[in-house]
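Architecture and fold: a report
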Amino acid sequence: MKKKLTTPEKIVLVCVGSKCEDKGNKDLVQDLKKIIKKQHLKEVCEVIKVDCFGKCKYAPIISIQPNNIWLSDISQKEIKTKVENAILSPNMDSLESEK
Ligand code: FES
């Protein structure tokens, strides 16, 4: 029997290249996974590590899809708050201005 591929509504791509890790993304993946689990959003949102977006001078970089939101050059505290809001928000209106 074939397994059915399930796809999440939201994907958070977190760069874990050395520049982005140095500027705050180091523990972000685990923190976000904990938030997703705690909020019972495992079916809705998936966090994926990316080796490097090739835009290191803007580190740290996080991309939230399918809304094409890109967060860059922000503090560790801002990263967690903004990404958490994006995960929990049904429409991500609060982040639309970030584009
Ligand atoms: S290390 Fe993150 S964009 Fe290169």
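Our subject is the structure that appears above.
Summarised in this report is the structure supplied together with it. (Residues numbered from 1 in each chain as written. Predicted model: local features only at pLDDT ≥ 70, side-chain atom pairs only at ≥ 80, totals over all residues.)

**What to know about the overall build of the chain**
Counting its secondary structure elements, the chain contains three helices and four strands. Moving toward the C terminus, one meets the helices and strands of the chain in the order β-α-α-β-β-β-α. Looking at the chain as a whole, 22% of its 99 residues are labelled buried. Within the chain, contacts between residues separated by at least 24 positions form 65% of all contacts whose residues are at least 6 apart in sequence. (Helix = DSSP H or I, 4+ residues; strand = E, 2+ residues; numbered from the N terminus. Buried ≥ 20, exposed ≤ 12 C-beta atoms within 10 Å, placed from the backbone. Contact = placed C-beta atoms within 7 Å.)

**Quick word on the nonpolar core**
With 18 residues, the main nonpolar core has Val12, Val14, Leu32, Ile62 and Val83 as its most contacted residues. Excluding anything up to four places from it in sequence, Ile62 contacts Val12, Leu13, Val14, Leu71, Ile79 and Val83. (Core = buried A, V, L, I, M, F, W, Y, C linked by C-beta atoms within 7 Å.)

**Observations concerning the sheet that holds strand 1 (residues 10-15)**
Reading across from one edge, 2-1-3-4 is the order of the four strands in this open sheet, with mixed pairing throughout. Single-partner strands in this sheet number two, and they are strand 2 (45-50) and strand 4 (69-72). Adjacent strand axes in the sheet meet at a mean angle of 15°, parallel and antiparallel pairs treated alike. Bridge count for strand 1 against strand 3 (residues 61-65) is four bridges, and the pairing is antiparallel. Its bridge partner being in strand 3, Ile11 is matched across the sheet by Gln65. (Pairing = 2+ DSSP bridges. Axes fitted to C-alpha atoms, helices over the stretch in contact; angles between N-to-C directions.)

**Describing the pairing of strand 4**
Going residue by residue along strand 4, you find Ile69 and Leu71 tucked away on one face and Trp70 and Ser72 left uncovered on the opposite face. Here strand 3 pairs with strand 4 via four bridges, running antiparallel. What sits directly across from Ile64, in strand 4, is Ile69.

**A word on helix 2 (residues 28-38)**
All of the buried residues in helix 2 are Leu28, Leu32 and Ile36. Along the axis of helix 2, the buried positions cluster into a sector of 70°, meaning they face one direction only. Exposed residues on helix 2 whose side chains face more than 90 degrees from its buried face are Gln30, Lys34, Lys37 and Lys38. Where helix 2 is buried, its residues touch strand 1, helix 1 (18-25), strand 2 and helix 3 (76-88). His40, located one to two residues past helix 2, shows a positive phi value of around 55°. (Arc of directions from axis to C-beta.)

Scope: geometric values only; no functional claims are made or implied.
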